[in-house]
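So the chains spell out like this:
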Amino acid sequence: MTNIIYAGGRFVNGEQAAVSVFDHGLLYGDGIFEGIRAYNRRVFKLDRHLDRLFDSAQAMRLALPWSRGDLAAIVLETCARNGIVDGYIRLVVTRGRGDLGIDPRSCRAPELFVIARPSMALYASRAGIAVVTSSFRRPAPDTLSPAIKSLNYVNNVLARMEANDRGADEALLLDHQGYVAEASADNVFIATGEALITPPCATNLKGITRETVLEIAARLGIRAEERPFTLFEVWIAREAFVCGTGAEIVPVLNVDGRKIGGGEIGPLTKRIADAYFAHVRETGTPIPALAASGSSRTSVAAAE
Ligand code: PMP
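Please read these numbers as outputs of a predicted model, since none were measured by experiment. (Residues numbered from 1 in each chain as written. Predicted model: local features only at pLDDT ≥ 70, side-chain atom pairs only at ≥ 80, totals over all residues. Heavy atoms only, no water.)

**Considerations on the overall build of the protein chain**
When you go through the protein chain residue by residue, the secondary structure sums to eight helices and 16 strands. Against the 2.2 N^0.38 benchmark of 19 Å for 304 residues, the protein chain shows a C-alpha radius of gyration of 20 Å, consistent with a compact globule. In terms of overall dimensions, the protein chain has a C-alpha envelope of 55 × 45 × 30 Å along the principal axes. Relative to all contacts within the protein chain whose residues are 6 or more apart in sequence, the contacts with residues 24 or more apart total 71%. Accessible surface, the protein chain as shown: approximately 13,700 Å² in total, 54% of it carbon and sulfur. One finds the centroid of the 34 positive side-chain charges in the protein chain at a distance of 2 Å from the centroid of its 34 negative side-chain charges. (Helix = DSSP H or I, 4+ residues; strand = E, 2+ residues; numbered from the N terminus. Rg over C-alpha atoms; globule rule 2.2 N^0.38 Å. Contact = heavy atoms within 4.5 Å. Areas by Shrake-Rupley, 256 points an atom, 1.4 Å probe, with all protein chains shown as cover. Lys, Arg positive; Asp, Glu negative; His and termini not counted. Charge placed at Lys NZ, Arg CZ, Asp CG, Glu CD.)

Printed below as a string of structure tokens:
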């Protein structure tokens with residue numbers, strides 16, 4: 001497998017890609033990231049991922065020295081250099097190298113790295129997962145806003161470990177008021193009657209897959225609501241699924257030991273998933289063919 005990573009302002013072999021032990025992304029989780037997918041030689045919703053990256057940067061007071069065009073070019077070239085047809089891309093920006101001590105004024109410049117892999121699986125099976133309610137809560141919006149896609153994922157990591165310890169594939173996290181927020185790396189939908197319901201975004205990440213599902217539902221004439229709901233509504237839902245760039249769309253077949261939808265993918269989830277997998281293959285920013293000389297590297301260097 002080709003393993004070319006963009007790091008430190010250039011493309012390097014994977015083994016040579018490194019960040020400093022003084023990088024505040026590593027020392028304090030002081031950084032932001034995006035997980036992006038490519039399908040059929042196109043990067044899906046690259047613009048929306050860059051929108052969210054810039055929003056996270058603004059919230060973190062992290063001045064990005066790259067334009068959107070620079071970042072798009074680096075993402076696309078990383079894909080091209082790795083021969084990505086279908087794949088997963090991780091774009092990370094850290095506060096950069098600084099001193100020990102959280103004060104970000106010691107950091108001279110943000111660090112950027114981009115990894116592109118031909119595959120990425122969040123769960124053992126995409127056919128359906130079991131989830132359990134986590135003892136960890138998503139942070140309230142007046143603490144570390146879950147809307148910032150920051151490198152601080154410990155809440156999510158602990159929830160996922162706990163879920164796996166309890167024999168489940170994924171965690172269902174509640175918010176500070178006890179309403180359903182999201183899963184450890186995906187948004188959550190339930191279907192009750194003929195409508196899909198997903199929680200409003202104040203207590204979860206404004207997922208790009210979630211947004212796409214809402215667009216698809218509107219296109220298919222499936223009623224969809226954004227409103228808070230409780231665990232009880234999940235337990236009695238006809239269908240449930242998680243969605244995210246990494247997860248894509250995965251039916252939830254068991255919640256806290258309760259079988260959902262007879263234990264198999266429900267009709268609404270299937271319609272949404274089928275439409276989603278067709279849609280992602282039809283749209284997106286084309287990954288350019290790599291020039292034989294690798295000449296686009298110059299333009300990337302100039303972007304630094
Ligand atoms: N919630 C969390 C906590 C996530 O990490 C992710 C994955 N980025 C999502 C939801 C889904 O977001 P998206 O559809 O934009 O990947």
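Anyway, onward from the coordinates.
**Some remarks on the packing of helix H5 (residues 208-220) against helix H7 (residues 267-282)**
Following both chains from N to C, one finds H5 and H7 inclined at 110°, their axes separated by 10 Å at the closest point. In this view, H5 runs roughly perpendicular relative to H7, as classed from their interaxial angle. Contact residues: H5 offers Thr209, Thr212, Val213, Ile216, Ala217, Arg219 and Leu220, while H7 offers Arg271, Ile272, Ala275, Tyr276 and His279. Residue composition of the contact of H5 with H7, by class: seven nonpolar, three polar and two charged. (Axes fitted to C-alpha atoms, helices over the stretch in contact; angles between N-to-C directions. Parallel < 35°, antiparallel > 145°, perpendicular 65-115°, else oblique. Nonpolar A, V, L, I, M, F, W, Y, C, P; charged D, E, K, R; others polar.)

**Overview of the layout of surface pockets**
Roughly 420 Å³ of volume is contained in the largest pocket. Lining the largest pocket are 29 residues, with Phe33, Tyr88, Lys149, Tyr153 and Ala185 sitting closest to its centre. Elements that contribute at least two residues to the lining of the largest pocket include exactly strand S3 (31-39), strand S5 (87-94), strand S9 (180-183), H5 and strand S13 (239-244). Tallying contributions element by element places S5 first for the lining of the largest pocket, with three residues. Inspection of the lining of the largest pocket shows a minimum of three residues originating in each of domain 1 (4-120) and domain 2 (129-280). (1 Å grid on protein atoms, 1.4 Å probe; cavity = no way out; pocket = protein on both sides within 12 Å on 5 of 7 lines; lining within 4 Å. Points joined across faces, edges and corners; volume = space filled by probe spheres on them. Domains from an automatic or database assignment.)

**Overview of the pairing of S9**
Where strand S8 (residues 170-174) and S9 come together, three bridges link them in antiparallel fashion. Within the sheet, the bridge partner assigned to Leu173 lies in S9 and is Glu182. In this structure, the hairpin formed by S8 and S9 is closed by a connection of five residues, where Gly178 is found at a positive phi of approximately 95°. (Pairing = 2+ DSSP bridges.)

**Comments concerning helix H2 (residues 46-59)**
Spanning 14 residues, H2 covers 20 Å between terminal C-alpha atoms, matching the ideal 20 Å at 1.5 Å per step. Looking at the buried side of H2, the elements it contacts are S3, strand S4 (42-43), helix H3 (68-81), S5, H5 and strand S16 (285-286). The positive-phi residue at the C-terminal boundary of H2 is Arg61, with phi of around 55°. (Expected span 1.5 Å × (residues − 1).)

Geometric descriptors of this kind do not, in isolation, establish any biological role.
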